[in-house]
Structures are given as C-alpha cells and as structure tokens.
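Spelled out, the chains give:
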Amino acid sequence: MSPSVPLYQAKAEFFRMLGHPVRIRVLELLQSGPMPVRDLLAAIEVEPSSLSQQLAVLRRSGIVTATRGGSTVVYELAGGDVADLLAAARRILTVMLSGQNELLEELRGFRPHDTPPTPPTAPIPALETPG
C-alpha cells in the first residue's frame with residue numbers, strides 16, 4: 001500500500017483482508033494466546049493447504065506473527081488491538097442480530113386473524129353518460 005492511498009481505501013483493504021471465515025476463526029483462537037499450526041488445524045477442521053494459505057495472508061498483512069521451533073510453527077496475534085476489533089464486531093453483530101430476532105419473533109407471532117381490517121373504500125362515483 002503506497003502512502004498516497006486514502007485512509008478509507010486503506011481501511012477497505014484491511015477489512016477485505018479479514019473477509020474470510022478461516023482468517024476470522026484463526027484470529028479468534030489466537031486471542032487466548034500463541035498456538036501451533038497443528039492445534040489451529042484441529043480446531044478449525046479445514047484442509048492443511050487452505051489453512052496454510054489463510055495464515056500466509058494474515059502473516060503478510062502483519063496481523064499475526066509466526067515463530068518456528070524445529071518442525072513446529074507457532075502463530076500469535078501481533079497486537080492486542082485485533083482482540084479489541086473482534087470484540088467490537090461481536091457487539092455490533094449482537095445488536096444487528098437482536099433486531100432480526102425481534103422481527104422474527106414478530107413474524108412467528110403473526111396469525112392470519114391478526115390481519116388489520118381493510119379500511120373502507122369510498123364508493124366509486126358513477127360515470128355520467130352524455131345525454
């Protein structure tokens with residue numbers, strides 16, 4: 001990203017980088033501390049190649065770091081702000097989904113006899129015929 005990129009575009013690219021369910025799940029898991037790839041793989045249950053690809057995207061973005069110890073690679077969040085972002089997303093989704101729940105409950109509670117009466121219509125005036 002070049003320095004001449006507007007802030008809103010940089011933010012859009014950042015959120016696009018987060019825009020994959022496996023990446024979000026990795027970040028959620030790493031909130032509790034560093035994890036080896038084998039543990040991430042067991043927790044997420046995706047193909048190893050898919051996890052590797054998503055970890056590479058997170059690593060290149062700088063949002064996670066990787067440390068190799070022998071044949072084990074351990075990933076961790078690069079900073080605490082990621083956890084704050086995920087918590088904010090959870091709060092926003094809770095509000096959004098609670099609104100949908102209220103609508104769903106309203107729809108489930110709807111009964112055909114609850115239909116409001118149709119307002120009376122004004123009589124249609126008779127057409128005058130030329131005489």
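On a predicted model such as this, the values are computed, not experimentally measured, just so you know.

K.L.:
I tried to follow the pattern of salt bridges on my own but got confused; where do I start?
P.N.:
Pairing is possible between side chains that carry opposite charge, provided their charged atoms lie close to one another. All chains considered together, the criterion is met by 1 salt bridge. For Arg25, the salt bridge goes to Glu28, with nearest N and O atoms at 3.2 Å. Note that Arg25 and Glu28 are positioned in helix α2 (residues 21-30) at a spacing of 3 residues, about one turn of the helix. Residue Arg25 is classed as partly exposed on the basis of its relative accessible area, which comes to 34%. The exposure class assigned to Glu28 is partly exposed, which follows from its relative accessible area of 30%.

K.L.:
Mind showing me how you'd approach the confidence of the model for the chain here?
P.N.:
Detailed reading of the predicted coordinates is not advisable wherever pLDDT falls low. Overall, the predicted model of the chain reaches an average pLDDT of 85, with 81% of residues at or above 70. When mean pLDDT is compared element by element in the chain, strand β1 (residues 35-36) scores highest at 97, while helix α5 (residues 81-108) scores lowest at 84.

Calculation criteria
- Residues numbered from 1 in each chain as written.
- Predicted model: local features only at pLDDT ≥ 70, side-chain atom pairs only at ≥ 80, totals over all residues.
- Heavy atoms only, no water.
- Salt bridge = Lys/Arg side-chain N within 4 Å of Asp/Glu carboxyl O.
- Helix = DSSP H or I, 4+ residues; strand = E, 2+ residues; numbered from the N terminus.
- Buried < 20%, exposed > 50% of the residue type's maximum accessible area, 1.4 Å probe, protein only.
- pLDDT = per-residue confidence, 0-100.

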